[in-house]
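So you can see what is in the structure, the chains are spelled out below.
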Amino acid sequence: MGGQRLHGSVRVTGAKNSVLKLMAAALLAQGTTTLTEVPDILDVEIMAELLRRLGCGVDHDGPGRRVSITVPKTLAHRADYDLVRRMRASICVLGPLLARCGAAEVALPGGDNIGSRGLDMHILGLQKLGAEVNNEHGYLIATCQQRLTGGSIWLDFPSVGATETLLMAAVTASGVTVIENVAREPEIVDICALLINMGAVIDGVGTSTLRIEGVDHLDPVVHRTVSDRIVAGTWAIAAAMTLGDVTILNSDPMHLQVALDKLVDAGAQVSVLPDGFRVIMDKRPLAVDVVTLPYPGFPTDLQPQFIALNSIANGAALVTENLFEARFRFVQELARLGADVRTDGHHALVRGRAHLSGAPVEATDIRAGAGLVLAGLVADGTTTIYGVSHLDRGYSDFVPALLGLGAHVDRIEADSLFT
Ligand code: UD1
């Protein structure tokens, strides 16, 4: 039910886009690695199951907050299609498996419906480290002589996934690896911190060039997952859209600089707190242009939420998507609520409307789902969002958190919609 002002505070847990890779990195060290601040989301369950099938023990302590992964001496090295198709991030076991076992077989991933997502940079990079990589029967099959060998790699684009694959492959390779034009996302810094703690030698963390000196082996550690900047950003945008006053805790606003600047341009007051930040909005937002770019640019994972904001803003905004071409698919759903959005290639022109009107809509991926929820919070009447299982993949306890901020929202089993 739209129309409630969100107010109060919400605590963000660890980042989905970090924890899945940290879980994969645990494979590099025999013994028990423990991760804290683990979000209670479906993708963590999928990754846990994948690791179990490779031979690991995975234990949850509490409702998803602390996960311990016990890695045996000998691992299986095949990640099956039935899991990989449910979560593209499964590809992140490719690098560590190859490093640990000298072989890896990983099904080609599915995951979000946000366009074709290549793996060429992962493959070319692994080949530079001495691996042979083939695509056979829907699987990437990678092998190497006993150990990968250090090499020089230049990425055509600062891909998050390719950076992580190559980093995890290189930390135990023989010799030095230099990877240029790497991604600089806080999640990359987080995995570097984990690996360094395990005994890896990595220079240039947080810059565009990583220099990795291979070590013989890594040790298991305890590591706290970096906070989820996309979840934090989603709450910040929700506060601005609903003329709310929301304090977002356990979050680093430095990880959201561009997005928060855009909210200020839209008219919000953003103040930094010791353990997070606060967003207050007291007038209809102004339209703001955004262009998605690799970090530190505006994150593509907040683009649908910003289109939702612009759809009720005063004025018109141009939103440019540079990473995932199919991410605009969700505007067709937003149009069902009355939004005026026209897309042309990777641009979307959003003309703000004073009102949206509630309607049934379908979430097509995690962030599209978040964008639709935000639109539903401000639309007149009731918005029913189908396919919320997408939201379960990335937002822990989303409905309870919304209720805690004063939203009128209910989660309904699909069957009961017809009774
Ligand atoms: C990760 C995040 C995702 C986020 C994205 C960009 C996870 C689980 N997902 O996805 O939420 O939106 O970063 O911040 O962490 N590409 C190639 N060849 C490659 C690799 C990538 O062409 O070998 C292209 C992709 O098709 C895409 C672009 O590069 O257009 C960015 O992809 P990448 O940065 O790798 O994103 P992901 O790691 O898939």
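Here's what I pulled together on the structure shown here. (Residues numbered from 1 in each chain as written. Predicted model: local features only at pLDDT ≥ 70, side-chain atom pairs only at ≥ 80, totals over all residues. Heavy atoms only, no water.)

## Description of the side chain of Arg367
So, step 1. With respect to the secondary-structure elements, Arg367 resides in helix H12 (residues 366-378).
So, step 2. One buried charged side chain, Arg367, makes no salt bridge at all; its nearest oppositely charged neighbour is Asp301, positioned 4.0 Å away.
So, step 3. Arg367 has contacts with Lys16, Asn17, Ile230, Asp301, Pro304, Gln305, Arg327 and Tyr395, leaving out every residue within four places of it along the chain. (Helix = DSSP H or I, 4+ residues; strand = E, 2+ residues; numbered from the N terminus. Buried < 20%, exposed > 50% of the residue type's maximum accessible area, 1.4 Å probe, protein only. Lys, Arg positive; Asp, Glu negative; His and termini not counted. Salt bridge = Lys/Arg side-chain N within 4 Å of Asp/Glu carboxyl O. Contact = heavy atoms within 4.5 Å.)

## Side note on the environment of Val215
So, step 1. With respect to the helices and strands, Val215 occurs in the loop between strand E12 (209-213) and strand E13 (222-224).
So, step 2. Separated by 40 residues in sequence, Val215 and Gly175 have C-alpha atoms that sit 8.2 Å apart.
So, step 3. The contacts of Val215, once residues within four sequence positions are left out, are Arg147, Val171, Thr172, Ala173, Gly199, Ala200 and Val201.

## A few points about the pairing of strand E15 (residues 269-273)
So, step 1. Pairing of E15 with strand E16 (residues 276-280), which is carried by five bridges, proceeds in the antiparallel orientation. Each residue of the ladder has a partner; that of Val270, found in E16, is Val279.
So, step 2. In this structure, the hairpin formed by E15 and E16 is closed by a connection of two residues. (Pairing = 2+ DSSP bridges.)

## Notes on the packing of aromatic side chains
So, step 1. Considering all chains together, one arrives at three aromatic pairs under this definition.
So, step 2. Between Phe298 and Phe306 the ring centres are 5.1 Å apart and the planes differ by 85°, which places this aromatic pair in the edge-to-face class.
So, step 3. Judged by relative accessible area, which is 1%, Phe298 ranks as buried.
So, step 4. Using a relative accessible area of 0% as the deciding quantity, one classes Phe306 as buried.
So, step 5. Ring centres of Tyr395 and Phe398 lie 4.8 Å apart, and the angle between their planes is 40°; this geometry places the pair in the tilted category. (Phe/Tyr/Trp six-rings, centres within 6.5 Å; stacked < 30°, edge-to-face > 60°.)

## Comments concerning unusual backbone geometry
So, step 1. Note the cis peptide between Tyr295 and Pro296, where omega equals 10°.
So, step 2. Positive phi, normally seen in glycine, also occurs at Glu37, with a value near 60°.
So, step 3. Residue Glu37 is classed as buried on the basis of its relative accessible area of 11%.
So, step 4. The backbone of Asp397 shows a phi angle near 45°, a positive value even though the residue is not glycine.
So, step 5. Mapped onto the elements, Asp397 comes out in the loop between helix H13 (389-392) and helix H14 (398-404).

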